[in-house]
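Analysis of the macromolecular model
Now for the letters of each chain:
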Amino acid sequence: MSLNYIKQLAYELSHRPQWLVLIETGLFIIIALSFLVGNSCVLYVFYKTSSLRNRGTTYYLMALAISDILMSLLVMPPNTLCCAYGGDVTGYNLGQAVGFVGFVLLYGSLQTTTLISINRFFCVVKPRLYRKYFTKKYILLSIGAVWVISLLFVGVFVVSGVASFVFHPGNMLYFLTAKDQTANRLFAAFSQISFGVIPLSITCVCYWKVHKAVEEHRKALSRNLDTNYLSKEEVHITKSVLALVCGFAVCWIPCSMVHHISVYANIPRQVQMVIPYTAYFSSAINPIVYNIFNKPFRRHFFQVFRRSHRVGDSTTQSSFGMNQMRETKS
């Protein structure tokens, strides 16, 4: 990006009409609250329902939910303040910390989503290998591994001084940016391939195989053939996770495309705003997908909150009864 182009974006950001400031800031607040509350509810249901915690996919989904909650608490508030103020209000040091946390969470979430697709592939297509290798220990180790990789990937570039986090007024985010334009383009291409193209390709192949296996399962059921290897609940979980991955792809493909184009060409600020909105909206997908596509989770979700509501009502009634007894005695 040229210096004149960055100044132009900064001017457009600071001189927005008031109604546009309210709309853009309001959208950030709504998205942040939605995936903070939604993913907190998801974790609460997993915590209260032991049968859901016994499934291997649950640990991956919990890792995603925790990542989304951290994003809403640590990354989105500074971004929202920048949007409301019309400029960088975090400063260099805090901006480096926010950018570092944001990129680690971003890369970790993308890799975790790929692990989910691999998990579903072995669960549906290779059930014997799944039961043999996908133990709780293996799943936790794989989750830890991808987050360590994300941490090291970002940390090496920052500590070595090759890149740092720079505030981009076009999308109000701190991006990991190399020192010169050529290195920045090479870094953008490398990160896109490593954390975009390769994971998405693996995910597409896995779910194409899963789709074929589920279709064969349905045909076998229609012919009254034995299909004990795939339960109805596993089919529901596979559908919900497929919807989750598709939602991630729908959000991240335009986000990564706009970012990659912006490295090579000057694009309007309105187009660059696609990046934060689609990136953040991907974090709000989890609770929506679980409740719409995952029947077992939806059933447990309503059971947990109905039970909590009943406990609250009974506590209120007992307190009311005790107060009445005290008044009668007095």
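Starting from 1, residues in each chain are numbered consecutively following that chain's sequence as written. The predicted origin of the model limits local features to residues at a pLDDT of at least 70 and limits the giving and counting of side-chain atom pairs to 80 or more, whereas totals for whole chains, interfaces and linings rest on all residues. Side-chain numbers come from the whole structure's heavy atoms, not from hydrogens or water.

1. Things to note about the overall build of the chain
Helix and strand content of the chain: 13 helices and two strands. Residue burial in the chain is summarised as follows: out of 330 residues, 47% are buried. Two residues qualify as a contact provided that any one of their heavy atoms is within 4.5 Å of a heavy atom in the partner residue. Excluding contacts between residues fewer than 6 apart, the proportion of contacts in the chain whose partners are at least 24 apart in sequence is 78%. Per the convention used, a helix needs a DSSP run of H or I reaching at least four residues, while a strand needs a run of E reaching at least two, with both numbered from the N terminus. In this scheme, a residue with accessible area under 20% of its type's maximum is buried, one over 50% is exposed, and one in between is partly exposed, where area comes from a 1.4 Å probe on protein chains only.

2. Quick look at the UniProt feature "transmembrane region" (unreviewed entry) in the chain
Sequence positions flagged by UniProt for "transmembrane region" (unreviewed entry) are, in local numbering, residues 20-47, 59-77, 97-118, 138-167, 187-208, 241-262 and 274-293. Helix makes up 100% of residues 97-118 and strand makes up 0%, while its end C-alpha atoms are separated by 32 Å. UniProt positions are given in the numbering used here, feature names are shortened, and annotations may be inferred rather than shown by experiment.

3. Structural notes on helix α5 (residues 91-124)
Multiply 1.5 Å by the residue count of a helix minus one, and that product is the helix's expected span. When the terminal C-alpha atoms of α5 are compared, their 49 Å separation across 34 residues agrees well with the 50 Å that a helix rising 1.5 Å per residue should span. Burial runs high along α5: 25 of the 34 residues are buried.

4. As for empty space enclosed by the protein
Cavity means a closed set of points on a 1 Å grid over the protein atoms alone, one where a 1.4 Å probe fits but cannot get out, pocket means an open set with protein on both sides within 12 Å along at least 5 of 7 lines, and lining means a residue has an atom within 4 Å of a point. Grid points are joined across faces, edges and corners, and a volume is the space filled by probe spheres set on the points. This structure, assessed with the given rule, holds two cavities of 30 Å³ or more. Together, Ser67, Asp68, Met71, Leu105, Leu106, Ser109, Phe248, Trp252, Ser282 and Ser283 line the second largest cavity. Those elements that provide at least two residues to the lining of the second largest cavity are α4 (56-85), α5 and α9 (232-264). Polar here means any residue other than Ala, Val, Leu, Ile, Met, Phe, Trp, Tyr, Cys and Pro, which are nonpolar, and Asp, Glu, Lys and Arg, which are charged; Gly is therefore polar. Here the lining of the second largest cavity is built from residues that sort into five nonpolar, four polar and one charged.

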